[in-house]
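Reading the structure
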There are 2 protein chains.
Amino acid sequence: MAKRIGGRTRALERPPAVRAWAALGGKKEGEGPLRRGFDRLSEDSYFGEGSWEKAETRMLRDCFALACAKAGLSPQALDCVLTGDLLNQCVSSAFAVKDSGVPHWGLYGACSTMAESLALGALLLDGGAAARVCALTGSHFCTAERQYRFPLEYGGQRTPTSQWTVTGAGAVILDAAGSGLRLTQVTPGRIVDAGVADATHMGGAMAPAAFDTLSAHFADTGRSPADYDAIFTGDLGALGHDILEDLFRRQGTELGVRYMDCGVLIYDAAAQDVGAGGSGCGCSAAVLCAQILPGMEKGIWDRVLFAATGALMSPTSAQQGESIPGVCHAIVLERGD
Amino acid sequence: MAKRIGGRTRALERPPAVRAWAALGGKKEGEGPLRRGFDRLSEDSYFGEGSWEKAETRMLRDCFALACAKAGLSPQALDCVLTGDLLNQCVSSAFAVKDSGVPHWGLYGACSTMAESLALGALLLDGGAAARVCALTGSHFCTAERQYRFPLEYGGQRTPTSQWTVTGAGAVILDAAGSGLRLTQVTPGRIVDAGVADATHMGGAMAPAAFDTLSAHFADTGRSPADYDAIFTGDLGALGHDILEDLFRRQGTELGVRYMDCGVLIYDAAAQDVGAGGSGCGCSAAVLCAQILPGMEKGIWDRVLFAATGALMSPTSAQQGESIPGVCHAIVLERGD
C-alpha cells in the first residue's frame with residue numbers, strides 16, 4: 001500500500017520494476033544527439049501509412065509491440081495499458097492498442113502523459129490492482145502542427161520561444177515482480193495557471209507547474225535537488241528550463257547541472273532550428289526511453305526525478321482568450337539490486 | 001489490496017463509500033423524465049458565460065463545487081480529482097478544476113469517463129494512494145455538436161440512429177472511510193472494434209464493447225444478470241440497448257427488464273425528438289447522479305452494475321475512413337449498512 005509522505009507524495013511500498021522499454025523516433029530525432037538511444041528511427045514521416053495521423057498510430061503501435069517483445073511478454077500478459085496522446089480525442093493511442101485485447105485506461109495529460117501513465121500504473125501495481133502494466137505515449141510533428149498551428153504547406157514563421165513537437169514514442173512495462181530499475185515515488189501534479197496566454201511560449205506556461213510539483217516533492221520528502229543524480233523536466237525547452245531554475249533560485253535553491261530538460265536534450269539547438277527545443281508527449285517519452293532509462297541501466301545515474309510537463313489548452317481555448325494552465329507529474333526512478 | 005477475480009475484474013478489499021454526488025443539467029434535461037433528480041438545471045445554454053465552451057467549464061466547475069459542498073468537504077480535502085470530457089484536449093474539465101489546487105489526473109475515456117474515473121479512483125483508494133477522490137465529467141450539446149458535427153446554425157438533418165449529446169455533468173466523491181453506498185468491484189474495458197464506421201450510429205459502435213465488458217464481468221464473478229437489481233449501460237441509446245440485448249440473447253442470456261440504458265432514460269423519446277436517445281460524457285454521469293445513486297439511497301436498488309460506454313473516434317479519424325472502436329468500463333455499486 002502506498003505510504004503518504006507529506007501532502008502529495010506517495011512512496012510505493014512495493015516499488016514496481018521497470019521491466020522493459022522502447023523508444024521510436026522520426027528523421028529529425030535521428031539527426032539529434034540521442035540518435036543512438038532510439039530502438040528504431042523512421043526516415044519516412046508517414047511511417048509507411050497513408051496519413052500523418054495513421055503514421056502516429058503506427059509508431060505507437062510498433063512502440064507498444066516492441067516494448068512487449070523486449071519484456072518477453074505477449075500484450076495479453078498485461079493487466080492494462082495506460083495511454084494518451086495529443087490528437088483530438090486521443091485517437092492515435094486508442095487506435096494503436098485497439099486490437100491488443102488489453103484493458104485500456106485512456107488518459108489526457110497533454111505532454112505530461114508519460115509521467116502520468118507511469119505514476120497511475122505504479123499506483124495500480126502497488127495497490128494490487130495489476131501485476132504488469134504498460135505506459136505508452138507519443139506525438140508526431142506533422143499531426144500536431146496541423147492540428148494546433150498551421151497547415152504545414154503554409155510554412156508559417158516560428159517565434160524564437162516556440163518549440164518543435166517531437167515525432168517520437170516511448171513505452172515502458174512496469175512489473176510488480178522483478179529487479180533492477182524501480183519506480184519508488186509518485187508526486188501528482190495539480191493544475192497551475194500563471195496567466196501566460198502566448199501559445200508560442202509553452203515553456204513559460206508550464207514552468208510554474210513544474211516548480212509547484214517539484215517544490216511539493218522536495219517539501220514532502222525532505223530531499224533537496226542534491227539528493228538526485230539527475231532531475232529531468234518534460235518539455236520546458238531552453239527558456240522554460242531557465243525560468244524553472246530562476247524560480248528555484250529566488251527561494252535559495254540551486255538546481256545545478258543535474259537539472260536537465262528533455263526538450264533541450266533531444267535536439268541540437270545550434271544545428272537543428274527547433275526554436276526553444278522539443279515538446280509534445282513524445283518528447284519526455286522518447287528521452288526517458290532513449291536516454292534516461294538506458295543511462296540508469298548503465299549506472300550513469302542511480303536516482304532520477306522525472307517530471308513531465310503538460311500544457312492544458314486547445315486551439316479553441318486559446319482563440320477564446322483563455323490562458324494556458326500547466327500540469328506536471330513527477331516520479332522517482334531508482335537503480336536497485 | 002484489490003483482489004483479482006477471473007481475468008479482468010477486481011474486488012476491492014476496502015470498498016470506498018460514495019460520500020456525495022451532484023448532477024447538473026440543461027434546459028432539455030430539465031424537460032425530461034429525470035428533472036427532479038438534478039441538483040440544478042440551467043435554462044440558459046450559456047450558463048451565464050460568453051461561449052458554449054466556457055459554459056461547459058462553468059457547469060463542470062459548479063458541479064464539482066456542489067459535490068464537495070454536499071460532502072461537507074473543501075476541495076483541498078481531496079487527494080485528487082479524476083476528470084475528462086469530450087472537448088479537444090479535454091479543456092472544459094481541466095479549466096473547471098484548475099483553480100482548486102487539487103492534484104489532477106486527466107482522463108480520456110470519451111463517454112465512458114464517469115465509469116473510468118470512478119473505477120480508477122476506487123482502485124487508488126483501495127490501494128492506499130488516496131483517502132478521498134472526486135470523479136467528475138460532463139458534456140454540452142452545443143460544444144459537441146459544433147466540434148463533432150455541424151455548426152448549430154446549419155440546422156443539419158439528423159438520422160433516426162443519431163443520438164443527442166446531453167448537456168449535463170456529474171460529480172461523485174469517493175471516501176475510503178464512511179458507510180452507505182459503496183463501490184465494490186471494477187471490470188476495466190478493453191477496446192472493441194466491430195467495424196462500425198457510421199458516426200451517426202454510436203450505439204451500434206459501442207454495444208460490442210459493452211457486451212465484451214459485461215460478459216467478462218459475469219464470467220469473472222460467476223454472477224448472472226439476475227444477481228443485479230439493475231444494470232445500466234452508459235449511452236447506447238434505444239438501438240444500442242436492443243443490440244446489446246440481442247448479443248446476450250444469442251448466447252442464451254436474458255438481460256431482462258433490469259437492464260436499462262442511460263441514453264434511453266434521460267429523455268422522453270416520444271416527446272423530445274432526440275433520435276435514439278442521449279449520449280455524451282454527461283449522459284451516464286447525470287443519470288448516475290440524478291437517478292441511480294439517489295435511487296439506491298432510497299432503497300430502490302441494492303446492487304447495481306454501472307457500465308459506461310465510450311466511442312473512441314474523432315472527426316479526423318472518421319474522415320480518414322477509420323471505424324469507430326468502443327470501450328466500456330464497469331463498476332459495481334452496493335447499498336451497505
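For clarity, every value in this text was computed on a predicted model and none was experimentally measured.

Rules used throughout
For every chain, the first residue of the written sequence is number 1, and numbering continues from 1 onward in sequence order. Each chain is given a letter, starting from A, and each ligand a number, starting from 1, according to the order in which they appear as written. Reporting of local features is limited, given that this is a predicted model, to residues whose pLDDT is at least 70; pairs of side-chain atoms are given and counted only at 80 or more, and all residues count toward the totals for whole chains, interfaces and linings. Each nonpolar core consists of buried Ala, Val, Leu, Ile, Met, Phe, Trp, Tyr and Cys residues. Their C-beta atoms, within 7 Å, join them into a set. The exposure label follows from counting other C-beta atoms within 10 Å of a residue's C-beta, where the C-beta atoms are placed from the backbone and the thresholds are 20 or more for buried and 12 or fewer for exposed, leaving partly exposed in between. For the purpose of contact definition, each residue receives a C-beta atom placed from its backbone, and two residues are in contact when these atoms lie within 7 Å. Counting from the N terminus, the helices are the DSSP runs of H or I reaching at least four residues and the strands are the DSSP runs of E reaching at least two. Residues are grouped as follows: Ala, Val, Leu, Ile, Met, Phe, Trp, Tyr, Cys and Pro are nonpolar; Asp, Glu, Lys and Arg are charged; every other residue, Gly included, is polar. Domain limits in this description derive from either an automatic procedure or a database domain assignment. To obtain an axis, a line is fitted to C-alpha atoms, over the contacting stretch when the element is a helix, and the angle between two such axes runs from 0 to 180 degrees between their N-to-C directions. Two helices that cross are described as forming a left-handed crossing if the nearer one is turned anticlockwise from the farther one by less than a right angle, and a right-handed crossing if clockwise.

Attention now moves to the nonpolar core. Ala67(A), Phe306(A), Ala67(B) and Phe306(B) are the most contacted members of the largest nonpolar core, which totals 244 residues. With sequence-adjacent residues up to four places away left out, Phe306(A) is seen in contact with Ala115(A), Phe232(A), Leu288(A), Ile292(A), Ala330(A), Ile331(A) and Leu333(A).

Turning to the interface of chain B and chain A, a few remarks are in order. By a widespread convention, an interface's size corresponds to the accessible area lost as its parts come together. Facing the 51 residues of chain B at the interface are 51 residues of chain A. Elements represented by at least two residues in the side of chain B that touches chain A include exactly α2 (52–71), β5 (80–84), α3 (91–97), β6 (104–106), α4 (113–126) and α11 (315–319) of chain B. For the side of chain B that touches chain A, the element with the most residues is α4(B), which contributes 5 residues. Tallied by class, the residues present in the side of chain B that touches chain A amount to 25 nonpolar, 15 polar and 11 charged.

What follows concerns the domain arrangement of chain A. Residue and element names in this part refer to chain A. With domains assigned, chain A is organised as domain 1 (3–175) and domain 2 (181–335). A straight line from the C-alpha centre of domain 1 to that of domain 2 covers 17 Å. Facing 58 residues of domain 1, the contacting portion of domain 2 comprises 62 residues. Going through the elements one at a time, β2 (9–11), β3 (17–25), α1 (27–30), α4 (113–126), β7 (132–139), α5 (141–148), β8 (164–165) and β9 (168–175) are the ones with two or more residues in the side of domain 1 that touches domain 2. No other element matches the 8 residues that α4 contributes to the side of domain 1 that touches domain 2. Classifying every residue of the side of domain 1 that touches domain 2 by side-chain character gives 30 nonpolar, 20 polar and 8 charged.

It is worth spelling out the environment of Arg335(B) at this point. Residues and elements named next belong to chain B. Within the fold, arginine 335 resides in strand β15 (residues 326–335). For arginine 335, a count of 19 C-beta atoms within 10 Å corresponds to the partly exposed category. Distance from arginine 335 to phenylalanine 232, taken between C-alpha atoms, is 16 Å for residues 103 residues apart in sequence. If we skip the residues at most four places from it in the chain, arginine 335 touches Leu181, Met296 and Asp302.

With that out of the way, let us pick up the packing of helix α6 (residues 202–221) of chain A against helix α7 (residues 237–250) of chain A. Residues and elements named next belong to chain A. Interhelical geometry of α6 versus α7 gives an angle of 35° and a closest axis separation of 8 Å. The crossing of α6 and α7 is right-handed. Between α6 and α7, the residues in contact are Gly203, Gly204, Met206, Ala207, Ala210 and Phe211 and Gly237, Leu239, Gly240, Ile243, Leu244, Leu247 and Phe248, respectively. For the contact of α6 with α7, the residue count by class is 9 nonpolar, 4 polar and no charged.

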